[in-house]
Amino acid sequence: MELNRRTVIAGTAAAGIAATALGGTAHATGGKAPVKSLFGKLADGTKIYSWSLANGGTRLKVLSYGGIVQSLEIPDRHGKYKNVSLGFDNIEDYVAKTPYFGALIGRYGNRIAKGQFSLDGKSYQLSVNDGVNSLHGGIKGFDKHVWDIEPFTKGSDVGLYLYYTSVDGEMGYPGTLKTKVTYTLTKHGDWRLDYEATTDKATVVNLTSHVYWNLAGEGSGSIYDHELKIAAARYTPVDSGLIPTGELAKVAGTPFDFRRTKTVGEDIRVANQQLLYGKGIDHNWALDKGITAKPEHVATLRDPSSGRTLKIATTEPGLQFYSGNFLDGTLVGPGGHIYRQGDALCLETQHFPDSPNQASFPSTVLRPGQTYRTTTVHTFGS
């Protein structure tokens, strides 16, 4: 894998990937125009809307608050639908309690050490919200803003354009960042995310999606029996604050080796210092493929009980695998079930954590005149 200092510019938005190309189950049914409905109101009276989309056997609900995936329903091997993403059934819980359930993350996904970085000789202090570090954009990241949403139908695809402008200095970041994220449901039921952003001042950008997956259905219990494979021979070890040390360590001989398919829980309780730091898995995998112009397959998740599968393709160089370690039994999902440790996992396609402070990591710098572009495709099967 090439790990020279590259910019985040992917160059060209990648073409879609059909479910059949990744070995998924294709449901070539036509989609209907997205449907808008009132989900709730913020304390200041701002209306929050839910957009419902269906295509190719996948059903998706998205909120204007945080671009949140409020539910994503797919069928099992018998055709029975379940919502496979954790969330809430009311806006109040999303505002007060959410650990980023289903949200769009920015301006910088993952952690930046001490909320500080330097760019072009100038130092910046970011909003700190994870001990001494900045996490997922700070106290009020992109997940806590209302996005402008426009629905679309394009050929056999349906989807949403989501827009948000982050002003210069918001959460300490330089530059006014104009962001557009496109959610597309294809005729095969793939959920595709295309991220775009431009800036008027040099800044750093790392956008991602924070869906908590449980392919047996939200609220159904532990995901430790889910089977996972990740195309990565190295990962980025962390210190006690979950900040990368800068090392690209081999996964061979460690609990982080998912090059062959194994269950999530197989090694999760092994006495390993990295697992102790994260109270489980909360680490970034340096994908073998590196940065690519088109999405390439990097991970496969399968629930043996239902037969549901999720395959992920991305242009990004990293994948943050989080095993739901901090779900503590204080949150209740839309099905009325309490969420506990290990009841879901996240697979966040991204650049590496703390890249602004790690010269050896692929760069996340975006400059005026450039366009940030990344793509991730989720393919479902059973």
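See the structure shown above.
The rules we used
- Residues numbered from 1 in each chain as written.
- Predicted model: local features only at pLDDT ≥ 70, side-chain atom pairs only at ≥ 80, totals over all residues.
- Heavy atoms only, no water.
- Helix = DSSP H or I, 4+ residues; strand = E, 2+ residues; numbered from the N terminus.
- Rg over C-alpha atoms; globule rule 2.2 N^0.38 Å.
- Buried < 20%, exposed > 50% of the residue type's maximum accessible area, 1.4 Å probe, protein only.
- Phe/Tyr/Trp six-rings, centres within 6.5 Å; stacked < 30°, edge-to-face > 60°.
- Lys NZ or Arg CZ within 6 Å of the ring centre and 35° of its normal.
- Pairing = 2+ DSSP bridges.
- Contact = heavy atoms within 4.5 Å.
- Core = buried A, V, L, I, M, F, W, Y, C linked by side-chain atoms within 4.5 Å.
- Salt bridge = Lys/Arg side-chain N within 4 Å of Asp/Glu carboxyl O.
- Polar contact = N/O pair within 3.5 Å; in protein donor to acceptor, adjacent residues only side chain to side chain.

K.L.:
Would you explain the overall build of the protein chain in this entry?
P.N.:
Along the backbone of the protein chain there are 2 helices and 29 strands. The C-alpha radius of gyration of the protein chain comes to 19 Å, within 12% of the 21 Å expected for a compact globule of 382 residues. Reported as C-alpha extents along the three principal axes, the dimensions of the protein chain are approximately 55 × 50 × 40 Å. Scored against the burial criterion, the 382 residues of the protein chain give a buried share of 59%.

K.L.:
Which parts of the structure should I look at to understand the packing of aromatic side chains?
P.N.:
Both the distance between ring centres and the angle between the ring planes are used here to describe each pair of aromatic rings. The final tally for this structure, using the stated rule, is 22 aromatic pairs. Each ring, one from Y212 and one from Y322, has its centre 6.0 Å from the other, and the planes form 85 degrees; the classification is edge-to-face. You can see Y212 sitting in the loop between β16 (208-210) and β17 (227-230) and its partner Y322 sitting in strand β24 (residues 318-322), a full 110 residues away along the chain. Residue classification places Y212 among the buried positions, given a relative accessible area of 2%. A relative accessible area of 7% means that Y322 is categorised as buried. The structure contains a cluster of three or more aromatic residues connected by ring pairs, namely F39, F88, Y94, F101, Y212, Y322, F326 and Y339. A cation sits over an aromatic face here: K36 above Y49, 4.2 Å from the ring centre. Here R59 stacks its cationic end above the ring of Y81, 3.6 Å away from the centre of that ring.

K.L.:
I would appreciate a short explanation of the sheet that holds strand β23 (residues 309-314) in the present structure.
P.N.:
Whenever strands of a sheet pair, they do so through backbone hydrogen bonds, lying parallel or antiparallel. Read from one edge of the open sheet, 9 strands run β11-β12-β13-β14-β29-β23-β22-β17-β20, paired in antiparallel fashion. Two strands close off the open sheet at either side, each with one partner strand: β11 (148-154) and β20 (262-263).

K.L.:
Got a minute to help me understand the sheet that holds β24 in this structure?
P.N.:
The antiparallel open sheet is built from 5 strands, whose spatial order is β19-β18-β21-β24-β27. The sheet is open, and its two edges are formed by β19 (249-250) and β27 (346-350), each paired on a single side. Sheet analysis places strand β18 (residues 234-236) next to β19, joined by 2 bridges and oriented antiparallel. Bridge pairing in β19 places Y235 opposite A249.

K.L.:
Is there a simple way to explain the environment of V132 in this structure?
P.N.:
Checked against the element boundaries, V132 lands in the loop between β9 (122-125) and β10 (134-135). Note on V132: relative accessible area 57%, which makes it exposed. Through-space distance from the C-alpha of V132 to that of S306 is 41 Å; in sequence the pair is 174 residues apart. Setting aside anything within four residues of it in sequence, one finds V132 in contact with K114 and G115.

K.L.:
Sorry if this is basic, but what is going on with the nonpolar core here?
P.N.:
General note: in soluble globular proteins, nonpolar side chains tend to be found buried as a group. Judged by nonpolar contacts, the single largest core of 57 residues is most densely connected at L72, Y183, W191, W213, I230, W285 and F321. I230 has contacts with F258, R259, W285, L287, V298, A299, L319 and F321, leaving out every residue within four places of it along the chain. Among the nonpolar cores identified, the runner-up in size contains 22 residues, and F39, I48, Y339 and C346 belong to it.

K.L.:
Would you take a moment to explain the pattern of salt bridges for this structure?
P.N.:
If the charged atoms of two oppositely charged side chains come close together, the side chains can form a pair. Within the structure shown, the criterion is met by 12 salt bridges. Close ionic contact of R111 with D282 constitutes a salt bridge, the shortest N to O distance being 3.5 Å. On the criterion of sequence distance, the pair formed by R111 in strand β7 (residues 111-112) and D282 in strand β21 (residues 282-286) is long-range, its members being 171 residues apart. With its nearest N and O atoms 2.6 Å apart, the salt bridge here joins D267 to K262. Members of the salt-bridge network, linked through shared partners, are R111, D130 and D282.

K.L.:
Explain the pairing of strand β8 (residues 116-119) here, please?
P.N.:
The side chains of a regular strand alternate, residue by residue, between the two faces of the sheet. What you see with β8 is a clean split: F117 and L119 sit on the buried side and Q116 and S118 on the side with no burial. Pairing geometry for β8 and β9, over 4 bridges, is antiparallel. Bridged to L119 within β9 is K122. Between the antiparallel neighbours β8 and β9 lie 2 residues, among them D120 with a positive phi of about 55 degrees.

K.L.:
When you look at the pairing of strand β4 (residues 69-75) in this model, what are you seeing that I'm missing?
P.N.:
Here β4 lies mainly inside the structure; 6 of its 7 residues are buried. Of the strand pairs in this sheet, strand β3 (residues 58-63) and β4 are connected by 4 bridges, and their pairing is antiparallel. Opposite L60, over in β4, you have L72 as the bridge partner. The antiparallel hairpin formed by β3 and β4 contains 5 residues in its connecting segment, where G66 sits at a positive phi of about 70 degrees. Note that β4 and strand β5 (residues 81-83) share 3 bridges and pair antiparallel.

K.L.:
Just to check I follow, could you spell out the side chain of S306 for this structure?
P.N.:
If you trace the backbone, S306 turns up in the loop between β22 (296-302) and β23. Here D303 takes part through its side chain, which lies 2.6 Å from a polar atom of the side chain of S306. Not counting residues up to four positions away in its chain, the partners in contact with S306 are D76, R77, L215 and A216.

K.L.:
Would you mind showing me how to read the environment of K32 here?
P.N.:
On the secondary structure map, K32 appears in the segment before β1 (35-41). On the accessibility criterion, K32 (69% relative accessible area) is exposed. Placed 221 residues apart in sequence, K32 and G253 show a C-alpha to C-alpha distance of 49 Å.

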